[in-house]
Amino acid sequence: MNDRRYACTLCGVLYEVTAGRIVCDCGGPLRLVADFAVLPENLYGRPFGLTRYMEAIALDESALMACDLGMSMSPLLPMEESIFVKCDYRLPSGSFKDRGAAALVALAIELGETKLVVDSSGNAAAALSAHAARAGLNVTVVVPTGAPEGKLVQIRAYGSDVEIAPGTRADAGRLARKIVSEVGGLYASHGQNPFFLEGTKTWAFEVWEQLGECPATVVMPVGSGSLLLGVHAGFSYLRRIGRCSEIPRLVAVQSRGWAALTGDLSRADGPTPLTDGIAIANPFRKQEILDAVAESGGAVVVVDDEDVIGAYGRLAMSGIWVEPTAAAAWAALERLPDNWPPGPIVVNLGGAGYKKPIASS
Ligand SMILES: [Zn+2]
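Here's a quick rundown of the structure. Since the structure is predicted, the reported quantities are computational estimates derived from the model, not experimental observations. (Residues numbered from 1 in each chain as written. Predicted model: local features only at pLDDT ≥ 70, side-chain atom pairs only at ≥ 80, totals over all residues. Heavy atoms only, no water.)

A short note on the overall build of the protein
Step number 1: Across its full length, the protein carries ten helices and 13 strands.
Step number 2: Taken against the 2.2 N^0.38 rule, which gives 21 Å for 361 residues, the C-alpha radius of gyration of the protein at 19 Å falls within 12% of a compact globule.
Step number 3: With respect to the three principal axes, the spread of C-alpha positions in the protein is 55 × 45 × 40 Å.
Step number 4: Per-residue burial over the protein gives 58% buried out of 361 residues.
Step number 5: Considering only contacts within the protein whose residues lie at least 6 apart along the sequence, 68% involve residues at least 24 apart.
Step number 6: Summed over all atoms, the accessible surface of the protein reaches about 14,100 Å², with 51% contributed by carbon and sulfur.
Step number 7: Computed over 31 positive and 39 negative side-chain charges, the separation of the two mean positions in the protein equals 2 Å. (Helix = DSSP H or I, 4+ residues; strand = E, 2+ residues; numbered from the N terminus. Rg over C-alpha atoms; globule rule 2.2 N^0.38 Å. Buried < 20%, exposed > 50% of the residue type's maximum accessible area, 1.4 Å probe, protein only. Contact = heavy atoms within 4.5 Å. Areas by Shrake-Rupley, 256 points an atom, 1.4 Å probe, with all protein chains shown as cover. Lys, Arg positive; Asp, Glu negative; His and termini not counted. Charge placed at Lys NZ, Arg CZ, Asp CG, Glu CD.)

Some details on the packing of helix 3 (residues 123-135) against helix 4 (residues 149-157)
Step number 1: The interhelical angle for the contact between helix 3 and helix 4, taken along N-to-C directions, is 10°, at an axis separation of 8 Å. Compared by their axis directions, helix 3 and helix 4 come out roughly parallel. Of helix 4, the residues touching helix 3 (which contributes N123, A125, A126 and S129) are K151, Q154 and I155.
Step number 2: Among the residues making up the contact of helix 3 with helix 4, the classes are represented as three nonpolar, three polar and one charged. (Axes fitted to C-alpha atoms, helices over the stretch in contact; angles between N-to-C directions. Parallel < 35°, antiparallel > 145°, perpendicular 65-115°, else oblique. Nonpolar A, V, L, I, M, F, W, Y, C, P; charged D, E, K, R; others polar.)

Some thoughts on the environment of V183
Step number 1: Of note, V183 is situated in helix 5 (residues 169-183).
Step number 2: When the C-alpha positions of V183 and E213 are compared, they lie 47 Å apart, and in sequence the two are 30 residues distant.

Some thoughts on helix 8 (residues 286-296)
Helical geometry note: an α-helix holds 3.6 residues per turn, so side chains three or four residues apart project in the same direction.
Step number 1: Every buried residue belonging to helix 8 is among E288, I289, A292, V293 and S296, and all of these are buried. The buried residues of helix 8 all sit within an arc of 130° when viewed along its axis, so they share a single face. Turned more than 90 degrees away from the buried face of helix 8 sit Q287 and A294, all of them exposed.
Step number 2: Summarising the contacts, the buried residues of helix 8 are in contact with strand 3 (30-34), helix 7 (228-240), strand 11 (249-255) and strand 12 (299-303). (Arc of directions from axis to C-beta.)

Focus on helix 9 (residues 305-317)
Step number 1: Across its 13 residues, helix 9 extends 18 Å between first and last C-alpha, which sits within 8% of the 18 Å expected from 1.5 Å per residue.
Step number 2: Positive phi shows up at G319, right after helix 9, with a value of about 95°. (Expected span 1.5 Å × (residues − 1).)

Concerning the coordination of the zinc ion
Step number 1: Looking at the zinc ion, the protein donor atoms are C8 (SG), C11 (SG), C24 (SG) and C26 (SG), and they sit 2.2 to 2.3 Å from it.
Step number 2: Seen from the zinc ion, its four donor atoms lie at angles of 104 to 122°, and the figure they make is tetrahedral.
Step number 3: All donors of the zinc ion come from a single chain, and their spacing in sequence reads C-x2-C-x12-C-x1-C. In this pair, C11 sits in the loop between strand 1 (4-8) and strand 2 (14-15) while C24 sits in the loop between strand 2 and strand 3, placing the two residues 13 residues apart along the sequence.
Step number 4: Classification of C24 as buried rests on a relative accessible area of 4%. (Donors = N, O, S within 2.8 Å, 3.2 Å for Na, K, Ca; no water. Tetrahedral: all angles 85-135°; square planar, octahedral: opposite > 155°, others 65-115°.)

A short note on the packing of helix 7 against helix 8
Step number 1: Where helix 7 contacts helix 8, the two axes come as close as 10 Å, and the packing angle between them is 45°. One way to sum up the angle between helix 7 and helix 8 is to call them oblique. Considering how the two elements wind past one another, helix 7 and helix 8 form a crossing that is left-handed. Residues L228, L229, H232 and R239 of helix 7 lie in contact with helix 8, whose contacting residues are E288, I289, A292, V293 and E295.
Step number 2: For the contact of helix 7 with helix 8, the residue count by class is five nonpolar, one polar and three charged. (Left-handed = near helix turned anticlockwise from the far one by under 90°.)

As structure tokens, this is what we get:
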């Protein structure tokens, strides 16, 4: 696919898609613009994974196949009346990040890059490492001092190099970009690289297929927004081609004291929180997230740790073991306003329990 460009979300400047171009010269986040074809109404018989939706994904099928780990269509389970959970914790490396990571590794393959560099100590780095290992590419993961050893075990197991950056998460980001500028490779930041959202778009396509319609509301934890923005782009595409009349209301779930979207960062100077997967103090795409939530008629919902622990236990007791960050989305259901509009609600469960096991109360 050649008809694809990056466009700055702030100043509108267009760029060629290259490995070195991740943000605009003005500092603004970039988004992908491409001429997408129309997805057939019936996708029966196609393989699962990103290639199922090739008409709507700006990547080459051969590159996606080269890093494919047998991505399934994650199950959509009915829970209570009109409430479903989307089981993204069952993707290849145990989180929704597999969707975007597959897209970034495919991009690296297309651009002829053999190395990816990322600053993350969590699920994004694990997902990237898994898909890169499948394709035979090398990954350097830069983590800040004190990153949880548990999450590094999985990253190292896939063969990625781990570099420790003295300081904070921001220092890790600076070191990652320095490595890219000095050694080369693709900066595979899930918060910044626009192609990550090409992968997370498939969440929307799968839900549309599984429900036979677009849901009224979707609920998901939000840190850097790499799922929410992909889901918004996916449903926007479905609306454009006439498969949805409305974009579902997007509910962004954050933790009290770590809620960048509401401006409450009162716990951000403290230790790593229970919901470490959404502990992002300054999301690079914050304005895009707020705009998407507002356009959809959705909301930002803030949950407390005790709500999360309760939801974690209730899900596990019903056979669904997810990490606390994922359980936050289930906890948020009880915080929706009483007059919330009716219709199917889909809650994403985006990370497996083994990612961060805690004792149930
Ligand atoms: Zn710009």
